[in-house]
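Letter by letter, the chains look like this.
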Amino acid sequence: MSVLILALVAGAVVGLALGGLGGGGSVLAVPALIYLLGFTPVAATTASLIIVTLTSISSLAAHARDGNVRWRSGLLFAAAGIGPAMLGGLAAGHIPATALTIAFSVIAALAAWRMLRPSRPAQEGPVQGGPAEDGPVHDGPVHDGPAQDRPVRPPRVAGSGAGLGAVTGVLGVGGGFLAVPALVGVLGLRMKTAVGTSLLVIVINSLAALATRTGTADGLDWAVIAPFTAAAILGAWDGKRLATKISGNRLQRVFAYVLLAVAACMLLDSLI
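Keep in mind that this is a model prediction, so the values were computed, not measured.

Rules used in this analysis
Residues numbered from 1 in each chain as written. Predicted model: local features only at pLDDT ≥ 70, side-chain atom pairs only at ≥ 80, totals over all residues. Heavy atoms only, no water. Helix = DSSP H or I, 4+ residues; strand = E, 2+ residues; numbered from the N terminus. Buried < 20%, exposed > 50% of the residue type's maximum accessible area, 1.4 Å probe, protein only. Contact = heavy atoms within 4.5 Å. 1 Å grid on protein atoms, 1.4 Å probe; cavity = no way out; pocket = protein on both sides within 12 Å on 5 of 7 lines; lining within 4 Å. Points joined across faces, edges and corners; volume = space filled by probe spheres on them. Nonpolar A, V, L, I, M, F, W, Y, C, P; charged D, E, K, R; others polar. Core = buried A, V, L, I, M, F, W, Y, C linked by side-chain atoms within 4.5 Å. Axes fitted to C-alpha atoms, helices over the stretch in contact; angles between N-to-C directions. Parallel < 35°, antiparallel > 145°, perpendicular 65-115°, else oblique. Left-handed = near helix turned anticlockwise from the far one by under 90°. pLDDT = per-residue confidence, 0-100. Patch = residues over 30% accessible without salt bridge, like charges linked within 9 Å, V, L, I, M, F, W, Y side chains within 5 Å. Areas by Shrake-Rupley, 256 points an atom, 1.4 Å probe, with all protein chains shown as cover. Salt bridge = Lys/Arg side-chain N within 4 Å of Asp/Glu carboxyl O. Polar contact = N/O pair within 3.5 Å; in protein donor to acceptor, adjacent residues only side chain to side chain.

Helix and strand content of the protein: ten helices and zero strands. Split into buried and exposed, the 272 residues of the protein put 53% on the buried side. Considering only contacts within the protein whose residues lie at least 6 apart along the sequence, 81% involve residues at least 24 apart.

This next bit is on empty space enclosed by the protein. Counted according to the given criterion, the structure contains one cavity of 30 Å³ or more. Quantified by volume, the largest cavity comes out at close to 30 Å³. When contributions to the lining of the largest cavity are tallied by element, the ones reaching two or more residues are helix 2 (29-36), helix 3 (41-65) and helix 5 (97-116). For the lining of the largest cavity, the element with the highest residue contribution is helix 5, accounting for three residues. Tallied by class, residues from the lining of the largest cavity come to six nonpolar, two polar and no charged.

Leu33, Phe39, Phe104, Leu171, Phe228 and Leu259 are the most contacted members of the largest nonpolar core, which totals 39 residues. Looking at this core, the elements that each hand over two or more residues are helix 1 (3-21), helix 2, helix 3, helix 5, helix 6 (154-171), helix 9 (222-243) and helix 10 (248-271). If you tally residues by element for this core, the top one is helix 5, at seven residues. In this structure, Phe104 is in contact with Val27, Val30, Pro31, Leu171, Val173 and Met266, ignoring residues within four places of it in sequence. In this structure, Ala182, Leu183, Met191 and Ala194 belong to the second largest nonpolar core, which totals 19 residues.

The residue Val167 is located in helix 6 in this model. Residues Val167 and Gly81, 86 residues apart in the sequence, show an inter-C-alpha distance of 9.5 Å. If sequence neighbours within four positions are ignored, Val167 has contacts with Gly172, Val173 and Leu178.

For the rest of this paragraph, the subject is the packing of helix 2 against helix 3. One way to put it is that helix 2 packs onto helix 3 with a least axis distance of 9 Å and a crossing angle of 135°. Here helix 3 runs oblique to helix 2, going by the angle between their axes. The way helix 2 lies across helix 3 gives a crossing that is right-handed. On the side of helix 2, the interface is formed by Ala29, Val30, Leu33 and Ile34, while helix 3 contributes Pro41, Ala44, Thr45, Ala47, Ser48 and Ile51. Taken together, the residues that form the contact of helix 2 with helix 3 break down as eight nonpolar, two polar and no charged.

Quick look at the confidence of the model for the protein now. In this model, the protein carries a mean pLDDT of 77, and residues with pLDDT of at least 70 account for 77%. Throughout residues 121-149 the model reports pLDDT below 50, and contacts reaching past four residues in sequence, or to other chains, amount to 107 contacts.

A cluster of nonpolar side chains, Leu267, Leu268, Leu271 and Ile272, forms an exposed patch at the surface whose accessible area comes to about 440 Å². Within the secondary structure layout, Leu268 lies in helix 10. Of the residues examined, Leu268 reaches a relative accessible area of 49% and is grouped as partly exposed.

Moving on to the side chain of Thr46. Looking at the element boundaries, Thr46 is found in helix 3. Of note is the side chain of Thr46, whose polar atom sits 2.7 Å from the side chain of Arg213.

Along the polypeptide, Arg70 turns up in the loop between helix 3 and helix 4 (71-92). With 123 residues separating them along the chain, Arg70 and Thr193 place their C-alpha atoms 6.9 Å apart.

In C-alpha coordinates, the structure reads:
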(Lines give C-alpha, C1' and ligand atoms only; values in the text may rest on other atoms or scores of the structure.)
Protein backbone atom coordinates (compact mmCIF):
# COMPACT_ATOMS: atom_id res chain seq x y z
CA MET A 1 0.00 0.00 0.00
CA SER A 2 1.44 3.39 -0.96
CA VAL A 3 2.37 5.97 1.65
CA LEU A 4 -0.26 8.37 0.30
CA ILE A 5 -3.05 5.85 0.73
CA LEU A 6 -1.82 4.98 4.23
CA ALA A 7 -1.80 8.68 5.15
CA LEU A 8 -5.34 9.16 3.83
CA VAL A 9 -6.66 6.08 5.61
CA ALA A 10 -4.93 6.91 8.89
CA GLY A 11 -6.13 10.52 8.73
CA ALA A 12 -9.68 9.42 8.01
CA VAL A 13 -9.67 7.02 10.98
CA VAL A 14 -8.35 9.73 13.29
CA GLY A 15 -10.98 12.15 11.95
CA LEU A 16 -13.79 9.63 12.36
CA ALA A 17 -12.76 9.09 15.97
CA LEU A 18 -12.66 12.83 16.59
CA GLY A 19 -16.04 13.49 15.02
CA GLY A 20 -17.75 10.38 16.30
CA LEU A 21 -16.56 10.63 19.90
CA GLY A 22 -16.30 14.38 20.32
CA GLY A 23 -12.58 14.16 21.05
CA GLY A 24 -9.58 12.12 22.09
CA GLY A 25 -9.05 10.75 18.59
CA SER A 26 -5.87 12.66 17.87
CA VAL A 27 -4.10 10.40 20.35
CA LEU A 28 -4.08 7.89 17.47
CA ALA A 29 -2.17 10.28 15.21
CA VAL A 30 1.26 9.77 16.80
CA PRO A 31 1.29 5.94 16.71
CA ALA A 32 -0.09 6.02 13.15
CA LEU A 33 2.72 8.34 12.08
CA ILE A 34 5.35 6.19 13.80
CA TYR A 35 4.26 2.65 12.95
CA LEU A 36 2.46 3.11 9.64
CA LEU A 37 4.24 6.05 8.05
CA GLY A 38 7.79 5.64 9.35
CA PHE A 39 8.18 8.87 11.35
CA THR A 40 10.57 9.02 14.30
CA PRO A 41 8.91 9.71 17.68
CA VAL A 42 10.13 13.33 17.70
CA ALA A 43 9.03 13.95 14.09
CA ALA A 44 5.70 12.22 14.78
CA THR A 45 4.91 14.45 17.77
CA THR A 46 5.79 17.55 15.72
CA ALA A 47 3.65 16.39 12.79
CA SER A 48 0.82 15.57 15.20
CA LEU A 49 0.93 19.14 16.52
CA ILE A 50 0.46 20.44 12.98
CA ILE A 51 -2.45 18.07 12.38
CA VAL A 52 -4.01 18.90 15.76
CA THR A 53 -3.66 22.65 15.18
CA LEU A 54 -5.25 22.71 11.73
CA THR A 55 -8.06 20.33 12.63
CA SER A 56 -8.77 22.28 15.82
CA ILE A 57 -8.93 25.57 13.92
CA SER A 58 -11.49 24.04 11.57
CA SER A 59 -13.61 22.83 14.47
CA LEU A 60 -13.12 26.04 16.48
CA ALA A 61 -14.66 28.05 13.65
CA ALA A 62 -17.79 25.88 13.74
CA HIS A 63 -18.14 26.19 17.53
CA ALA A 64 -17.52 29.93 17.42
CA ARG A 65 -20.36 30.35 14.91
CA ASP A 66 -22.66 28.60 17.38
CA GLY A 67 -21.52 30.81 20.26
CA ASN A 68 -19.88 27.95 22.16
CA VAL A 69 -16.51 29.60 22.80
CA ARG A 70 -15.73 31.66 25.91
CA TRP A 71 -12.88 33.69 24.43
CA ARG A 72 -11.76 35.46 27.61
CA SER A 73 -11.81 32.34 29.77
CA GLY A 74 -10.06 30.31 27.08
CA LEU A 75 -7.34 32.91 26.57
CA LEU A 76 -6.69 33.13 30.32
CA PHE A 77 -6.52 29.35 30.63
CA ALA A 78 -4.28 29.03 27.58
CA ALA A 79 -1.96 31.80 28.81
CA ALA A 80 -0.93 29.57 31.71
CA GLY A 81 0.04 26.83 29.28
CA ILE A 82 2.05 28.84 26.73
CA GLY A 83 5.30 28.74 28.70
CA PRO A 84 5.13 25.02 29.57
CA ALA A 85 4.10 24.22 25.98
CA MET A 86 7.15 26.05 24.63
CA LEU A 87 9.45 24.43 27.17
CA GLY A 88 7.92 21.06 26.38
CA GLY A 89 8.48 21.63 22.69
CA LEU A 90 12.13 22.44 23.35
CA ALA A 91 12.56 19.44 25.61
CA ALA A 92 10.95 16.99 23.20
CA GLY A 93 13.92 17.15 20.83
CA HIS A 94 16.27 16.11 23.63
CA ILE A 95 14.20 13.30 25.16
CA PRO A 96 15.28 9.79 24.12
CA ALA A 97 12.92 8.16 21.66
CA THR A 98 12.22 5.29 24.08
CA ALA A 99 11.26 7.65 26.91
CA LEU A 100 9.04 9.67 24.57
CA THR A 101 7.26 6.53 23.39
CA ILE A 102 6.73 5.28 26.94
CA ALA A 103 5.36 8.66 28.04
CA PHE A 104 2.98 8.72 25.10
CA SER A 105 1.75 5.19 25.80
CA VAL A 106 0.95 6.24 29.37
CA ILE A 107 -1.05 9.25 28.15
CA ALA A 108 -2.88 7.06 25.62
CA ALA A 109 -3.76 4.58 28.36
CA LEU A 110 -5.01 7.45 30.54
CA ALA A 111 -7.24 8.66 27.71
CA ALA A 112 -8.65 5.14 27.29
CA TRP A 113 -9.25 4.82 31.03
CA ARG A 114 -11.25 8.03 31.04
CA MET A 115 -13.43 6.68 28.22
CA LEU A 116 -14.09 3.42 30.06
CA ARG A 117 -15.11 5.06 33.32
CA PRO A 118 -18.73 4.37 34.30
CA SER A 119 -21.22 6.89 32.95
CA ARG A 120 -22.41 9.56 35.32
CA PRO A 121 -24.98 12.31 35.05
CA ALA A 122 -23.80 15.72 34.03
CA GLN A 123 -25.43 19.05 33.43
CA GLU A 124 -24.74 19.66 29.78
CA GLY A 125 -26.05 18.54 26.45
CA PRO A 126 -24.43 16.80 23.54
CA VAL A 127 -22.21 18.88 21.35
CA GLN A 128 -23.69 20.28 18.18
CA GLY A 129 -22.31 22.37 15.36
CA GLY A 130 -19.06 20.66 14.39
CA PRO A 131 -16.48 18.08 15.44
CA ALA A 132 -14.46 18.99 18.46
CA GLU A 133 -10.87 18.17 17.59
CA ASP A 134 -9.24 16.51 20.50
CA GLY A 135 -12.15 17.73 22.70
CA PRO A 136 -13.81 15.86 25.54
CA VAL A 137 -14.76 12.30 25.96
CA HIS A 138 -18.25 12.51 27.41
CA ASP A 139 -18.94 10.39 30.48
CA GLY A 140 -22.65 9.94 29.96
CA PRO A 141 -25.88 11.60 28.89
CA VAL A 142 -25.82 15.30 29.51
CA HIS A 143 -28.21 18.22 29.34
CA ASP A 144 -27.61 21.74 28.23
CA GLY A 145 -28.16 23.73 31.38
CA PRO A 146 -26.76 26.92 32.80
CA ALA A 147 -23.15 27.23 33.77
CA GLN A 148 -22.28 26.60 37.38
CA ASP A 149 -21.65 29.66 39.52
CA ARG A 150 -18.19 28.64 40.62
CA PRO A 151 -15.52 31.07 41.85
CA VAL A 152 -12.33 30.97 39.80
CA ARG A 153 -9.24 30.05 41.78
CA PRO A 154 -6.14 31.42 40.01
CA PRO A 155 -3.74 28.73 41.36
CA ARG A 156 -5.99 25.96 40.05
CA VAL A 157 -6.40 27.68 36.68
CA ALA A 158 -2.65 28.21 36.41
CA GLY A 159 -1.84 24.65 37.45
CA SER A 160 -4.34 23.07 35.09
CA GLY A 161 -3.35 25.27 32.17
CA ALA A 162 0.35 24.67 32.74
CA GLY A 163 -0.09 20.91 32.96
CA LEU A 164 -2.06 20.79 29.73
CA GLY A 165 0.52 22.97 27.99
CA ALA A 166 3.34 20.67 29.06
CA VAL A 167 1.54 17.58 27.75
CA THR A 168 0.84 19.31 24.44
CA GLY A 169 4.42 20.53 24.08
CA VAL A 170 6.16 17.26 24.85
CA LEU A 171 3.84 14.67 23.34
CA GLY A 172 2.20 16.54 20.48
CA VAL A 173 -1.40 15.79 21.51
CA GLY A 174 -4.12 18.37 21.91
CA GLY A 175 -5.03 17.02 25.33
CA GLY A 176 -8.74 17.68 25.01
CA PHE A 177 -9.52 14.72 27.25
CA LEU A 178 -7.65 16.68 29.95
CA ALA A 179 -8.70 20.21 28.91
CA VAL A 180 -12.47 19.81 28.96
CA PRO A 181 -12.76 18.30 32.47
CA ALA A 182 -10.46 21.09 33.69
CA LEU A 183 -12.55 23.81 32.05
CA VAL A 184 -15.71 22.32 33.54
CA GLY A 185 -14.25 21.65 36.98
CA VAL A 186 -12.01 24.69 37.40
CA LEU A 187 -13.88 27.41 35.49
CA GLY A 188 -17.39 25.96 35.85
CA LEU A 189 -18.15 26.13 32.12
CA ARG A 190 -21.09 24.24 30.60
CA MET A 191 -19.98 21.11 28.77
CA LYS A 192 -20.93 22.43 25.33
CA THR A 193 -19.05 25.66 26.02
CA ALA A 194 -16.10 23.79 27.47
CA VAL A 195 -15.81 21.78 24.25
CA GLY A 196 -15.59 24.89 22.08
CA THR A 197 -13.33 26.73 24.51
CA SER A 198 -10.97 23.76 24.76
CA LEU A 199 -10.33 24.05 21.03
CA LEU A 200 -9.09 27.61 21.53
CA VAL A 201 -6.77 26.40 24.31
CA ILE A 202 -5.50 23.54 22.15
CA VAL A 203 -4.78 25.81 19.18
CA ILE A 204 -2.81 28.28 21.30
CA ASN A 205 -0.82 25.61 23.14
CA SER A 206 -0.08 23.73 19.93
CA LEU A 207 1.14 26.90 18.17
CA ALA A 208 3.34 27.72 21.18
CA ALA A 209 4.86 24.25 21.10
CA LEU A 210 5.39 24.41 17.34
CA ALA A 211 7.21 27.73 17.69
CA THR A 212 9.99 25.98 19.61
CA ARG A 213 10.11 22.89 17.38
CA THR A 214 11.52 24.55 14.27
CA GLY A 215 14.64 22.41 14.61
CA THR A 216 12.59 19.24 14.20
CA ALA A 217 10.70 20.43 11.11
CA ASP A 218 13.47 19.57 8.64
CA GLY A 219 12.73 15.86 8.77
CA LEU A 220 8.99 16.19 8.23
CA ASP A 221 7.44 14.65 5.14
CA TRP A 222 4.88 17.21 4.02
CA ALA A 223 3.66 14.88 1.29
CA VAL A 224 2.36 12.71 4.14
CA ILE A 225 1.25 15.40 6.60
CA ALA A 226 -0.90 17.32 4.09
CA PRO A 227 -3.16 14.43 3.01
CA PHE A 228 -3.25 13.10 6.58
CA THR A 229 -4.53 16.47 7.83
CA ALA A 230 -7.05 16.91 5.01
CA ALA A 231 -8.44 13.41 5.59
CA ALA A 232 -8.69 14.05 9.35
CA ILE A 233 -10.66 17.27 8.85
CA LEU A 234 -13.07 15.64 6.41
CA GLY A 235 -13.29 12.46 8.49
CA ALA A 236 -14.27 14.48 11.56
CA TRP A 237 -17.42 15.70 9.82
CA ASP A 238 -18.27 12.17 8.70
CA GLY A 239 -17.70 10.97 12.25
CA LYS A 240 -20.14 13.54 13.55
CA ARG A 241 -22.81 12.15 11.22
CA LEU A 242 -21.90 8.60 12.24
CA ALA A 243 -22.42 9.50 15.88
CA THR A 244 -26.09 10.28 15.16
CA LYS A 245 -26.66 6.70 13.96
CA ILE A 246 -24.62 4.63 16.42
CA SER A 247 -24.68 4.69 20.21
CA GLY A 248 -22.10 7.12 21.53
CA ASN A 249 -21.27 4.82 24.43
CA ARG A 250 -20.60 1.94 22.06
CA LEU A 251 -18.33 4.04 19.85
CA GLN A 252 -16.52 5.31 22.91
CA ARG A 253 -15.87 1.85 24.35
CA VAL A 254 -14.67 0.43 21.03
CA PHE A 255 -12.27 3.34 20.59
CA ALA A 256 -11.07 3.01 24.20
CA TYR A 257 -10.17 -0.66 23.71
CA VAL A 258 -8.38 0.15 20.46
CA LEU A 259 -6.46 2.88 22.25
CA LEU A 260 -5.53 0.53 25.09
CA ALA A 261 -4.21 -1.99 22.57
CA VAL A 262 -2.17 0.73 20.83
CA ALA A 263 -0.76 1.93 24.17
CA ALA A 264 0.19 -1.63 25.16
CA CYS A 265 1.89 -2.29 21.81
CA MET A 266 3.85 0.96 22.01
CA LEU A 267 4.95 0.20 25.56
CA LEU A 268 6.03 -3.34 24.70
CA ASP A 269 7.84 -2.15 21.58
CA SER A 270 9.79 0.41 23.56
CA LEU A 271 10.73 -2.01 26.36
CA ILE A 272 11.62 -5.12 24.35
